[in-house]
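# An overview of the molecular structure
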Amino acid sequence: MEKNKSTSSSNFWAKWDKPKKVRVITLTALAFIVLLVVVPIITYYNIQSDETQVISSPDNNVANNTILAPVDPLPFVLSSKVGRIERVGSSFFKRESGIPTMLKKDDPKNPPQSTQTVLVERLTGTQMSKPFTVEKGYRYAKIWVNNKGKQRIAISISKDSPTGDLVTERVVTIAGGTNWSIYTTKPWESGTYYVNFTSNGSPIQGVAIARVGARLAELNS
């Protein structure tokens, strides 16, 4: 009799424990799934938030920003031979045999001169934007670009910011291994300008030089 009672009791607890174990296993599995889904999502949004803060920081170098230049879906392709000039709007692009050498950026503390070198920069990376200043008294600017790479690069000149109004009116592209000068016949307003370079993913190589002068003829000499 006692044996039958004990057996009945064991069967009862076995029946009671089975669904409880199933529930525990189910809840554990659900908790594990939640961790697998929720934690990566939280981590992703935290990373995106950090990247956005970095990009928008005013202390970043211009060359590291995401958007570095005005976008032109159909840039003007420069293809003239050496010595020839192409006109795009009010801007002129001359194919040069070389660029000025032995130049370095002039110290702004030096006494005023009729011309001044305001930018001498080696080109690197796949995107680059460099500022130069046209001070009062200097009414004209001329930029020389040497593309030492093998691929075409896109060039633009903008005012006040890398994505500001285009001075050149269009984005242009120059072939690898070529030299070009860029200028306008209209006087430039005093202020800060940016010369912008982009490529199709290939590293940019070369040199950019900018000079300002009281007269355009002085820059062409």
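Please refer to the structure placed before this passage.
First, a word on what this report is: a plain description of the structure on this page. Counting starts from 1 at the beginning of each chain's written sequence and moves along it residue by residue. A pLDDT threshold of at least 70 governs which residues receive local features in this predicted model, and a stricter bar of 80 or more applies before side-chain atom pairs are shown or counted, although totals over entire chains, interfaces and linings include all residues. Here the side-chain values reflect all heavy atoms present in the structure, with hydrogen atoms and water set aside.

Let's shift gears to the nonpolar core. Membership of the largest hydrophobic core comes to 29 residues, with the highest contact counts inside it found for Phe132, Ile143, Val145, Ile155, Trp188 and Phe197. Whether two residues touch is decided by their heavy atoms; if any such pair falls within 4.5 Å, the residues are in contact. Apart from the residues lying within four places of it in its own chain, the contact partners of Ile155 are Val145, Arg170, Val171, Val172, Ile174, Ile182, Val195, Asn196 and Phe197. The set of buried Ala, Val, Leu, Ile, Met, Phe, Trp, Tyr and Cys residues whose side-chain atoms join them within 4.5 Å is what this entry labels a nonpolar core. The classification of residues rests on relative accessible area computed with a 1.4 Å probe and restricted to protein chains. Under 20% of the type maximum is buried, over 50% is exposed, and intermediate values are partly exposed. The next biggest cluster of nonpolar side chains, apart from the first, holds 5 residues, and it includes Phe92, Tyr140, Tyr183 and Leu216.

Before going further, it helps to spend a moment on the pairing of strand β2 (residues 85-88). A run of DSSP states H or I qualifies as a helix once it reaches four residues; a run of E qualifies as a strand once it reaches two. Both are numbered from the N-terminal end. What you see with β2 is a clean split: Glu86 and Val88 sit on the buried side and Ile85 and Arg87 on the side with no burial. Of the strand pairs in this sheet, β2 and strand β3 (residues 91-96) are connected by 4 bridges, and their pairing is antiparallel. Within β3, the residue paired with Val88 across the bridge is Ser91. Here the rule is simple: two strands pair whenever DSSP picks up at least two bridges between them.

Right, let's get into the packing of aromatic side chains. Here is the rule: rings of Phe, Tyr and Trp (six-membered ring for Trp) pair when centre to centre is within 6.5 Å. Planes less than 30 degrees apart are stacked, more than 60 are edge-to-face, and the remainder are tilted. Evaluation of the coordinates by the stated rule reveals 4 aromatic pairs. Ring plane angle 15 degrees and centroid distance 5.6 Å describe the contact between Phe92 and Tyr183, whose orientation is recorded as stacked. Pair noted here: Phe92 is in strand β3 and Tyr183 is in strand β9 (residues 178-184), with a separation of 91 residues, a long-range link. Neither residue differs from the other here; Phe92 and Tyr183 are each classed as buried. Aromatic pair Phe132 and Tyr193: ring centres 5.9 Å apart, planes at 20 degrees, arrangement stacked. Within this pair, whereas Phe132 is found in strand β5 (residues 127-134), its partner Tyr193 is found in strand β10 (residues 191-198), the two being separated by 61 residues in sequence. Judged by its relative accessible area of 2%, Phe132 falls in the buried class.

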